[in-house]
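Read off the chains here:
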2 protein chains.
Amino acid sequence: MSVSLADLRTENPGIFADGCPTRTVLDHVMGKWGVLVLMALSDGTQRWGVLRRNVSGISEKMLASTLKTLEADGLVARTAYPEVPPRVEYSLTEQGGDLMSRVIPLMEWVAANADDIVSRRR
Amino acid sequence: MSVSLADLRTENPGIFADGCPTRTVLDHVMGKWGVLVLMALSDGTQRWGVLRRNVSGISEKMLASTLKTLEADGLVARTAYPEVPPRVEYSLTEQGGDLMSRVIPLMEWVAANADDIVSRRR
DNA sequence: CGGTATCCAGTAGGATACTG
DNA sequence: CAGTATCCTACTGGATACCG
């Protein structure tokens, strides 16, 4: 059986509190670029250059730092092949994939409702 | 049957592209404070002061601007009672609740995995 | 109580150039 | 190709004070 969020918070008031680990993870995953990079990778393993094109609008700097953060979090795996020219591939780890299985329904909702929401704003 | 994200993106390549409505909504909802305010409200209708305490760490300025954004998005409803002293209550709209039904499973995952992720980082 | 207004600091993040 | 390095700006967001 699944535990509701209200239950979670009641049982553990420290959760989502200022400075707690959940905030850190939230900042990484929900930041401007985190989700977008993870989403791109949920389409499958990709090389740096492809990833950069798929996450439209991201700068090299932000792609690099986002990937480093997500890799340190254990959500993304980096594989470098000792070739010339260099080839580096990024993919979701098992944990990253697990996370994305929760993120994707949310993204589908956003995709379905975004036009409505944005057009209502004035 | 539900449509996969990959299908969504294949059928509509403009989705999640730079500057498109999905990005706007994502920025509002996934921003540093957006989710946290929505989460607090998913515990039920709350007055400004209570909300401020529940979203620990938020400043008055950010609470005000976050609530305005979410209200303009139609995700949060504001009700002011003509009393002295003033009383204002915030709650999720139907659409906001719908959104949160997708966000909550994600938050449960984050709550369950945050310690693991953060402790692995070094 | 429920906000605004103002000021200010830190940093997220963009542009460009360069390298192994 | 896959990044670093450097510089610089803009906005996020905090602190404080004040108002209806």
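What you see as residue numbers is a count from 1 along each chain, following the sequence as written. The order in which chains are written sets their letters, starting at A; the order in which ligands are written sets their numbers, starting at 1. Residue-level local features of this predicted model are given only where pLDDT is at least 70; pairs of side-chain atoms are given and counted only at 80 or more, and the full residue set underlies all totals for whole chains, interfaces and linings. Each side-chain value is worked out from all heavy atoms of the structure, with water and hydrogens disregarded.

Chain A is annotated in an unreviewed UniProt entry as DNA-binding HxlR family transcriptional regulator from Microbacterium trichothecenolyticum.

Each helix is a run of DSSP H or I of at least 4 residues and each strand a run of E of at least 2, with the numbering of both proceeding from the N terminus. What a helix is expected to span follows from its residue count: subtract one and scale by 1.5 Å. The end-to-end C-alpha distance of helix H6 (residues 94-120) of chain B is 39 Å, a good match for the 39 Å that 27 residues give at a rise of 1.5 Å each. Bend, at a single residue, is the angle you get between axes fitted to the 7 residues ending at that residue and the 7 residues starting at it. In the structure, H6 of chain B departs most strongly from a straight axis at asparagine 113 of chain B, where the bend amounts to approximately 50°.

Residues and elements named next belong to chain B. Two strands form a pair only when DSSP identifies at least two bridges running between them. Bridge analysis of strand E1 (residues 46-47) against strand E3 (residues 87-92) gives 2 bridges, and the strand direction is antiparallel. Opposite arginine 47, over in E3, you have glutamate 89 as the bridge partner. Examined bridge by bridge, strand E2 (residues 76-81) and E3 share 6 bridges and lie antiparallel to one another. Residue pairing in the sheet places tyrosine 81 in a bridge with arginine 87 of E3.

Moving on, we get to the sheet that holds strand E1 (residues 46-47) of chain A. Residue and element names in this part refer to chain A. In spatial order, the strands read E1-E3-E2; together these 3 strands make up an open sheet with antiparallel pairing. Strand pairing shows two members of the sheet lacking a second neighbour, E1 and strand E2 (76-81), which therefore form its edges. Against the sheet, helix H3 (residues 34-41) contacts E1, E2 and strand E3 (87-92), and its axis sits at roughly 100° relative to E3. In this description, contact between two residues means that some pair of their heavy atoms is separated by no more than 4.5 Å. Axis angles are defined between N-to-C directions and span 0 to 180 degrees, where every axis is a line fitted to C-alpha atoms and, for a helix, only to the segment in contact.

Between the two copies, chain B and chain A, the superposition gives an RMSD of 0.0 Å; the rotation angle is 180° and the shift along the axis is 0.0 Å. Taken together, the rotation and translation relating the two chain copies correspond to the operation of a two-fold axis. Residue methionine 30 of chain B, judged by its C-alpha, is the member of chain B lying nearest the rotation axis, at 2.6 Å. The residues that chain B uses at the interface reappear at the interface of chain A in 100% of cases, marking a shared surface. Each copy is superposed on the other by least squares, with the fit set by C-alpha atoms of residues at a pLDDT of at least 70 in both.

This part takes up the protein's contact with DNA strand C. Proximity is defined per residue: if any heavy atom of the residue lies within 4 Å of a molecule or strand, that residue is considered near it. Taken together, 20 residues surround DNA strand C, and among them Lys61 of chain A together with Arg47, Lys68, Arg78 and Tyr90 of chain B come closest. The sugar and phosphate moieties of DNA strand C supply 61% of its atoms located within 4 Å of the protein. Between N or O atoms, a polar contact is any pair within 3.5 Å; within protein, one atom must be a potential hydrogen donor and the other a potential acceptor, and residues adjacent in sequence are included only when both atoms are from side chains. Between DNA strand C and lysine 68 of chain B there is a distance of 3.1 Å, counted from a phosphate oxygen to a side-chain nitrogen or oxygen. Of all the elements in the fold, those that place two or more residues in the surface near DNA strand C are helix H5 (60-72) of chain A together with helix H4 (48-54), helix H5 (60-72) and E3 of chain B. Partitioned by chemical class, the residues of the surface near DNA strand C number 9 nonpolar, 2 polar and 9 charged. In this count, Pro and Cys sit with the nonpolar residues alongside Ala, Val, Leu, Ile, Met, Phe, Trp and Tyr, while Asp, Glu, Lys and Arg are called charged and the others, Gly among them, polar.

Moving on to the interface of chain B and chain A. How large an interface is tends to be reported as the accessible area lost when its parts come together. Every contact between the two is made by 56 residues of chain B and, on the other side, 57 residues of chain A. Where chain B abuts chain A, roughly 4,900 Å² becomes buried across the two surfaces, and 65% of that area is made up of carbon and sulfur atoms. By salt bridge we mean one thing: a side-chain nitrogen of Lys or Arg within 4 Å of a carboxyl oxygen of Asp or Glu. Inspection of the chain B/chain A interface yields 2 salt bridges. Lysine 32 of chain B serves as the salt-bridge partner of aspartate 27 of chain A, at 3.9 Å between the closest nitrogen and oxygen. Among the secondary structure elements, those contributing two or more residues to the side of chain B that touches chain A are helix H1 (5-11), helix H2 (21-30), helix H3 (34-41), H5 and H6 of chain B. The biggest single contributor to the side of chain B that touches chain A is H6 of chain B, with 20 residues. Here the side of chain B that touches chain A is composed, by residue class, of 31 nonpolar, 11 polar and 14 charged. By buried area we mean how much accessible surface two parts lose on assembly, using a 1.4 Å probe and totalling the loss over both.

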